[in-house]
Amino acid sequence: EKSNLLIGSNFTYVVSRIDMDKVLLNKGTALVSERTIRQENARDGQTIDRYRPMYGQSPYILNGFLTYSNDTLGLIINLSYNVQGKKLSVIGVGKLPDVYEQPFHSLNFKASKNFGKDNRWKASASVQNILMNARRRSYESFGDTGEIDNRLYDYFYEGMTFSGSISLTLK
């Protein structure tokens, strides 16, 4: 009986930035830098740096999995996890603050079993979003110390998803 237990993970750390002096925007009939517009709309005590995070780039990504397979039984079981760090989702313009997508913790499970003559049949079942995490995007601006839910831009709760299938391989 051949069986395997595999454990794996990877981690990515990214440093990315955009030079706002090089991003030009229309202001009436003139082109001005993103940094200039942000400086014109800065709050008291706020300093506008030359750089901002790159749109859509998470500062980190973490993946992990645990897989058990048994060839004799035709069985594969997998548990996987993924999370990405907070990332810029909507670039604020003028007095409108930036919007950040908050980390989403994803834990998923899948199992499949081959059966029947020559193992041509396969049954699979899966569960997505076991942690029942919601996707959230929030406004973030200088001096804002409120809770994320109080700065909510949008919220999507898909709940936990169950699925199953049966397939036949024709030879």
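Before going into details, it helps to say that this report is about the structure given with it. Keep in mind it's a predicted model, so treat the numbers as computed, not measured. (Residues numbered from 1 in each chain as written. Predicted model: local features only at pLDDT ≥ 70, side-chain atom pairs only at ≥ 80, totals over all residues. Heavy atoms only, no water.)

**What to know about the overall build of the protein**
- Of the regular secondary structure elements, the protein holds 1 helix and 14 strands.
- For 171 residues, the compact-globule estimate of 2.2 N^0.38 gives 16 Å, and the C-alpha radius of gyration of the protein, at 24 Å, exceeds that figure by more than 25%.
- Here the C-alpha coordinates of the protein stretch approximately 75 × 30 × 30 Å along the principal axes.
- Buried positions account for 23% of the 171 residues belonging to the protein.
- Of the roughly 11400 Å² of accessible surface on the protein, a fraction of 54% belongs to carbon and sulfur atoms. (Helix = DSSP H or I, 4+ residues; strand = E, 2+ residues; numbered from the N terminus. Rg over C-alpha atoms; globule rule 2.2 N^0.38 Å. Buried < 20%, exposed > 50% of the residue type's maximum accessible area, 1.4 Å probe, protein only. Areas by Shrake-Rupley, 256 points an atom, 1.4 Å probe, with all protein chains shown as cover.)

**Side note on the sheet that holds strand β12 (residues 135–140)**
- Strand order in the open sheet formed by 4 strands is β8-β9-β12-β13, with antiparallel pairing between adjacent strands. Two strands bound the open sheet, and with one partner strand each, they are β8 (87–90) and β13 (152–156). Neighbour to neighbour, the strand axes of the sheet diverge by 30° on average, direction disregarded.
- The sheet contact formed by β8 and strand β9 (residues 98–101) spans 3 bridges and is antiparallel. Within β9, the residue paired with Leu88 across the bridge is Tyr100. (Pairing = 2+ DSSP bridges. Axes fitted to C-alpha atoms, helices over the stretch in contact; angles between N-to-C directions.)

Read these as geometric descriptors, not functional statements.
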